[in-house]
Amino acid sequence: MTATSQAPDYGPEEAAPEVPKVPAEPSGPGAPLEPTGEEQAPVAAPEAPVPAAPQAPDQDVPSAPLKLTIEDVSDSSVTVSWEPPESLGTQGLQGYVLELRKEGASEWVPVNARPMMVTQQTVRNLAPGDKFFLRVAATNPAGAGPPATLDQPVHIREIIEPPRIRVPRHLRQTYLRQVGEMVNLQIPFQGNPKPQVSWTHNGLALDGKRVSVRNGDQDSILFIRSAQREDSGCYELTVRLETLEARAAINILVIEKPNPPSSVRLVDVWGCNVALEWTPPQDTGNTELLGYTVQKADKKTQQWFTVLERYHPTTCTVSDLIVGNSYSFRVFSENVCGLSDSPAITKELAHIRKTDIVAKLKEFVERDFSEAPSFTQPLADHTTTSGYSTQLSCSVRASPKPKIIWMKNNMNILGNPKYRTFSEQGVYTLEIRKPSPFDSGVYTCKAVNMLGEASVDCRLEVKATH
């Protein structure tokens with residue numbers, strides 16, 4: 001199992017070695033638990049021939065550690081690991097000594113004060129730009145064996161975070177400002193180390209008299225105190241870090257109210273209608289028009305009333321004008337800033353004149369509603385009980401009004417007090433008062449007028465009571 005370690009600093013009871021030490025972090029179970037002092041980077045000595053590590057006879061000291069490898073390099077530390085030597089010597093293994101030599105220096109500085117029984121160590125508190133060599137040797141009571149040295153120097157570099165621009169959501173579409181308003185855009189970005197930030201306007205450098213920029217560590221602010229229409233365009237932010245860069249384009253449109261239509265005139269007046277026509281404004285306010293607003297005012301009241309709003313064509317017809325009045329018309333242009341400050345007004349009045357009305361009477365054709373009698377609802381067969389009055393009804397349509405004749409078994413019963421007849425809105429009824437079995441038979445209703453006659457009949461059965 002591989003163990004890791006950081007070299008401990010000396011406490012107050014221990015004497016420090018003559019050469020300066022580089023703090024390292026123990027990261028394995030064999031690391032000693034001793035108090036650490038203030039960490040410091042190694043100090044380079046004057047250049048001199050590299051001294052060889054003291055060695056005992058080959059059979060007594062361990063051989064060189066195997067596979068010395070860099071595991072990790074950050075902007076302030078480096079971690080190396082190795083494997084135990086093939087030969088531990090006659091007196092066994094006491095630990096490992098990791099040493100550091102800065103590029104250009106000749107002196108090897110021990111990283112750990114005493115041999116450590118670990119095969120992985122982290123050297124900390126290094127500064128970006130440091131460049132140095134590392135070597136490790138195994139030791140025992142007989143001395144230190146030959147070291148294993150990295151083939152290439154270790155270079156501590158500041159970790160580069162690629163630049164990135166985070167454009168706020170409301171700036172991902174065209175950013176609208178009115179003339180005279182302030183523009184204050186704060187654009188966050190990322191990057192480490194601090195990247196270079198630059199702005200362009202339509203591909204050219206910014207006008208420092210009109211636009212100011214403040215760049216921070218994490219954002220850039222573009223500021224225009226009073227925006228004008230010439231400030232419209234594409235502003236591109238570039239964040240560059242060495243060979244890496246990020247770009248973001250922000251489109252700004254500075255707008256204002258449009259001019260009124262160039263002219264408006266009466267094309268035609270007929271009945272209660274007026275046709276108008278106008279020409280578009282020469283200046284739309286640096287943006288698209290939303291339409292036109294058409295208003296009318298009669299000569300008597302001089303009060304303006306809106307007829308059409310956000311109307312897109314340049315011709316219209318105004319209807320439902322009052323006869324006898326004279327009207328003026330005016331037209332406004334409109335964009336997102338609002339209506340134009342002034343309208344275009346017709347030069348002449350539109351007079352709605354009265355017209356002579358001639359009534360044309362149609363000849364009246366009298367309709368002949370004469371009709372021969374016809375039964376729309378016939379009589380229905382009926383059964384009743386002796387002693388209870390009963391009624392027989394039918395409906396007749398005829399013009400002129402028909403004469404109604406009631407018969408029993410083809411005998412006219414008109415004038416018989418036992419029977420009563422009445423009618424209402426074409427419905428004719430025969431009432432038989434307290435009938436007896438003798439009143440059973442066939443009853444007929446006959447309708448007669450000058451155009452013809454019709455009849456219906458039914459059978460009445462009167463049951464005797466026991």
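In this text, all values refer to a predicted model and were calculated from it rather than measured experimentally. (Residues numbered from 1 in each chain as written. Predicted model: local features only at pLDDT ≥ 70, side-chain atom pairs only at ≥ 80, totals over all residues. Heavy atoms only, no water.)

Right, let's talk about the overall build of the protein for a bit. Scanning the protein for helices and strands turns up 0 helices and 38 strands. Taking all contacts inside the protein whose residues are at least 6 apart in sequence as the whole, residues at least 24 apart take part in 65%. Summing over all exposed atoms, the protein offers an accessible surface of approximately 27400 Å²; the carbon and sulfur share of this is 49%. (Helix = DSSP H or I, 4+ residues; strand = E, 2+ residues; numbered from the N terminus. Contact = heavy atoms within 4.5 Å. Areas by Shrake-Rupley, 256 points an atom, 1.4 Å probe, with all protein chains shown as cover.)

Attention now goes to the side chain of Arg101. Relative to the assigned elements, Arg101 resides in strand E5 (residues 95-102). A distance of 2.7 Å separates a polar side-chain atom of Arg101 from the backbone oxygen of Ala105. Excluding its chain neighbours within four sequence positions, the residues that come into contact with Arg101 are Ser106, Glu107, Trp108, Phe132 and Phe133. (Polar contact = N/O pair within 3.5 Å; in protein donor to acceptor, adjacent residues only side chain to side chain.)

Our next topic: the nonpolar core. Judged by nonpolar contacts, the single largest core of 22 residues is most densely connected at Ile165, Val183, Leu185, Ile187, Trp199, Leu222 and Ile252. Where this core is concerned, the elements lending two or more residues are strand E14 (183-192), strand E15 (196-201), strand E18 (219-224), strand E19 (233-241) and strand E20 (244-255). Here the element with the most residues in this core is E20; it accounts for 5 residues. Residues Leu379, Leu430, Ile432 and Val462 belong to the second largest nonpolar core, which totals 19 residues. (Core = buried A, V, L, I, M, F, W, Y, C linked by side-chain atoms within 4.5 Å. Buried < 20%, exposed > 50% of the residue type's maximum accessible area, 1.4 Å probe, protein only.)

The next thing to look at is the pattern of salt bridges. Side-chain pairing between opposite charges can occur once the charged atoms of the two side chains come close. Tallied over the entire structure, the rule returns 18 salt bridges. The residue Arg247 makes a salt bridge to Glu236 at a minimum N-O spacing of 3.1 Å. On the criterion of sequence distance, the pair formed by Arg247 in strand E20 and Glu236 in strand E19 is long-range, its members being 11 residues apart. Looking at Arg247, the relative accessible area reads 47%, which means it is partly exposed. The exposure class assigned to Glu236 is partly exposed, which follows from its relative accessible area of 26%. (Salt bridge = Lys/Arg side-chain N within 4 Å of Asp/Glu carboxyl O.)

Turning to the packing of aromatic side chains, a few remarks are in order. Inspection of every chain in the model, using the stated rule, returns 5 aromatic pairs. Ring centres 5.5 Å apart and planes at 65° place the aromatic pair Trp82 and Tyr96 in the edge-to-face group. Pair noted here: Trp82 is in strand E4 (residues 78-83) and Tyr96 is in strand E5, with a separation of 14 residues, a long-range link. With relative accessibility at 3%, the residue Trp82 sits in the buried group. Each residue in the set Trp278, Tyr292 and Tyr311 is aromatic and connected to the rest through ring pairs, giving one cluster. A cation sits over an aromatic face here: Lys408 above Phe438, 4.9 Å from the ring centre. (Phe/Tyr/Trp six-rings, centres within 6.5 Å; stacked < 30°, edge-to-face > 60°. Lys NZ or Arg CZ within 6 Å of the ring centre and 35° of its normal.)

Turning next to the sheet that holds strand E16 (residues 204-205). What the 5 strands build is an open sheet, ordered E13-E20-E19-E15-E16; its pairing is mixed. In this open sheet, the two edge strands, each paired with only one partner strand, are strand E13 (175-178) and E16. Here 6 bridges tie E15 to E19, and the two strands are oriented antiparallel to one another. Across the sheet, residue Ser198 finds its bridge partner in E19, namely Thr238. (Pairing = 2+ DSSP bridges.)

Glancing now at the sheet that holds strand E37 (residues 441-449). Pairing is mixed in the open sheet, where 5 strands are placed in the order E31-E38-E37-E33-E34. Each of the sheet's edge strands pairs with one partner strand only, and the pair in question is strand E31 (382-385) and strand E34 (411-412). The pairing of E31 with strand E38 (residues 452-463) spans 4 bridges and is parallel. Note that in E38 the partner of Thr385 across the bridge is Lys463.

One ladder, built from 6 bridges, connects strand E35 (residues 419-424) with strand E36 (residues 427-432); its direction is antiparallel. When the sheet's bridge partners are listed, Arg420 is paired in E36 with Glu431. Taking the residues that link successive antiparallel strands as the turn, the E35-E36 hairpin has 2 residues, and the phi of Gln425 there is positive, at about 50°.

Glancing now at unusual backbone geometry. A cis geometry characterises the amide bond from Asn192 onward to Pro193, with omega recorded as 0°. Mapped onto the elements of the fold, Pro193 is located in the loop between E14 and E15. With an omega of 0°, the peptide bond between Ser399 and Pro400 qualifies as cis. Residue placement: Pro400 occurs in the loop between strand E32 (390-399) and strand E33 (403-408). Within the chain, Asp320 stands out as a residue other than glycine whose phi angle is a positive 60°.

Right, let's get into the environment of Glu230. Looking at the element boundaries, Glu230 is found in the loop between E18 and E19. Note on Glu230: relative accessible area 55%, which makes it exposed.

The residue Glu245 is located in strand E20 in this model. The partly exposed category is assigned to Glu245, whose relative accessible area is 37%. Considered as a pair, Glu245 and Gly191 are 54 residues apart in the sequence and their alpha carbons are 9.6 Å apart. Each residue touching Glu245, except ones within four places of it in the same chain, is listed here: Pro163, Thr238, Val239 and Arg240.

What follows deals with the side chain of Gln295. Position of Gln295 relative to the elements: it lies in strand E23 (residues 291-298). Polar side-chain contacts of Gln295 include one of 2.6 Å to the side chain of Arg330. Sequence-distant contacts of Gln295, that is, excluding residues within four places in its chain, are made with Trp304, Phe305, Thr306, Val307, Ser328, Phe329, Arg330 and Phe332.

Below, the discussion takes up the confidence of the model for the protein. When pLDDT is averaged across the protein, the result is 84; 87% of the residues are at 70 or more. Segment residues 1-56 is flagged for pLDDT under 50; beyond a separation of four residues in sequence, or across chains, it makes 129 contacts in the model. (pLDDT = per-residue confidence, 0-100.)

So, about the environment of Glu158. As for its position among the elements, Glu158 is in the loop between strand E11 (154-155) and strand E12 (161-165). Given a relative accessible area of 39%, Glu158 falls into the partly exposed group. When the C-alpha positions of Glu158 and Pro193 are compared, they lie 7.4 Å apart, and in sequence the two are 35 residues distant. Discounting chain neighbours no more than four positions away, the residues touching Glu158 are Asp75, Pro128, Asn192 and Pro193.

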